[in-house]
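The residues making up each chain are set out below.
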Amino acid sequence: MKDLPSKIHIIGSVGSGKTTFAKKLSIQTGIQHYELDNMVWERVEGSRDKRRSVEDRDEHLVKILQLDKWIIEGVHHTWVKDSLDQADFIIFLDTPYGKRNYRIIKRFIRQKLGIEKANYTPTFKMFFNMFKWNAYFENKSKPEILKLLNHYGDKVVICKNNADLKNFIEMELRQ
């Protein structure tokens, strides 16, 4: 039996399914997952989130990377090189643009109805920003990420849909 990967980095746009997949993977493997957004933002209960300093953000990442096992997920790619270098697998969720937009709408409605928890206050400004961020990702970040990931060869897994994710779990985690 093959050893389970113990360090997994998941990257993708808003609405790509990163957090949902990281949570499921965490449950299946027993490995704690961490959101990069929670390293960038200090979550302040009942108030607006406060952006951490670069030093504080990087310190949070370093502490996680010192652990024996982790699942890290987020859209960030310009300051996470150490995570990418140390990962056993890098999973790029390349979900279609339209599907991500649909998920943004669905998530916003669910959050406003109190059905889904949010790490932030789901305002209309945040809602519209997510569409901007999704478009920016598609046109600017995605090509940068694909170029960056070329360096990591066989440890990169590109998943475009749930079937790809299921195949990854079956092939890599259950052998």
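Here's a quick rundown of the structure. Here the structure is a predicted model, which means the values were calculated and not measured.

Pairing within the open sheet is parallel, and its 5 strands lie in the order E2-E5-E1-E6-E7. Each edge of the open sheet carries a strand with a single partner, namely strand E2 (33-35) and strand E7 (156-159). Here the strands of the sheet are splayed against their neighbours by 20° on average, with no regard to which way each runs. Two strands pair when backbone bridges link them, and strand E1 (residues 7-12) and strand E6 (residues 89-93) are joined in this way by 5 bridges, in the parallel orientation. Considered in E6, the bridge of His9 is made with Ile90. In the packing of helix H3 (residues 54-65) onto the sheet, contacts are made with E1, E2 and strand E5 (70-74), and the angle to E5 comes to roughly 150°.

So, about the pairing of E1. In terms of burial, E1 is largely enclosed, as 6 of its 6 residues are buried. On E1, burial covers both faces: Lys7, His9 and Ile11 on one face and Ile8, Ile10 and Gly12 on the other are all buried. Strand direction decides the pairing type here: E1 and E5, joined by 5 bridges, are parallel. Its bridge partner being in E5, His9 is matched across the sheet by Ile72.

It is worth spelling out a nonpolar patch on the surface at this point. Side chains of Ile105, Ile109, Leu113 and Ile115 sit close together on the surface and give an oily, nonpolar patch of about 390 Å² of accessible area. With respect to the element layout, Ile115 can be found in the loop between helix H5 (97-112) and helix H6 (124-149).

A few words on the nonpolar core. Ranked by size, the top nonpolar core spans 20 residues in total, and within it Leu36, Leu61, Ile72, Trp79, Ile90 and Leu149 carry the most contacts. Mapped by element, the contributors of at least two residues to this core are helix H2 (37-40), H3, E5, E6 and H6. Once you skip the residues sitting within four places of it in the chain, Leu149 turns out to touch Ile90, Phe92 and Val156. By size, the runner-up hydrophobic cluster in this structure holds 15 residues, among which are Ile10, Ile31, Phe89 and Ile91.

Two numbers describe a pair of packed helices, the interaxial angle and the distance between the axes. One can describe the packing of H5 onto H6 by two numbers: an axis separation of 10 Å at closest approach and a directional angle of 165°. Classified by the angle their axes make, H5 and H6 are roughly antiparallel. H5 and H6 meet at a crossing whose hand is right-handed. Only Phe124, Phe127, Met130, Phe131, Asn134, Ala135, Phe137 and Glu138 of H6 make contact with H5, whose side of the interface consists of Tyr97, Arg100, Asn101, Ile104, Ile105, Arg107 and Phe108. Grouping the constituent residues of the contact of H5 with H6 by class yields 10 nonpolar, 2 polar and 3 charged.

Tallying each qualifying case throughout the model produces 5 aromatic pairs. On the basis of an interplanar angle of 55° and a centroid distance of 5.2 Å, the ring pair of Phe108 and Phe124 is categorised as tilted. Of this pair, Phe108 sits in helix H5 while Phe124 sits in helix H6, placing them 16 residues apart in sequence. The exposure class of Phe124 is exposed, given its relative accessible area of 52%. Centre to centre, the rings of Phe127 and Phe128 are 5.4 Å apart; their planes meet at 55°, and the pair counts as tilted. A residue is classified by how much of its surface remains accessible, and Phe127, at 12% relative accessible area, is buried. An aromatic cluster of three or more residues is present, and its members are Phe108, Phe124, Phe127, Phe128 and Phe131. Above the ring of Trp79, the side-chain terminus of Arg57 is found at 4.1 Å from the ring centroid.

About the criteria used
- Residues numbered from 1 in each chain as written.
- Predicted model: local features only at pLDDT ≥ 70, side-chain atom pairs only at ≥ 80, totals over all residues.
- Heavy atoms only, no water.
- Pairing = 2+ DSSP bridges.
- Helix = DSSP H or I, 4+ residues; strand = E, 2+ residues; numbered from the N terminus.
- Axes fitted to C-alpha atoms, helices over the stretch in contact; angles between N-to-C directions.
- Contact = heavy atoms within 4.5 Å.
- Buried < 20%, exposed > 50% of the residue type's maximum accessible area, 1.4 Å probe, protein only.
- Patch = residues over 30% accessible without salt bridge, like charges linked within 9 Å, V, L, I, M, F, W, Y side chains within 5 Å.
- Areas by Shrake-Rupley, 256 points an atom, 1.4 Å probe, with all protein chains shown as cover.
- Salt bridge = Lys/Arg side-chain N within 4 Å of Asp/Glu carboxyl O.
- Core = buried A, V, L, I, M, F, W, Y, C linked by side-chain atoms within 4.5 Å.
- Parallel < 35°, antiparallel > 145°, perpendicular 65-115°, else oblique.
- Left-handed = near helix turned anticlockwise from the far one by under 90°.
- Nonpolar A, V, L, I, M, F, W, Y, C, P; charged D, E, K, R; others polar.
- Phe/Tyr/Trp six-rings, centres within 6.5 Å; stacked < 30°, edge-to-face > 60°.
- Lys NZ or Arg CZ within 6 Å of the ring centre and 35° of its normal.

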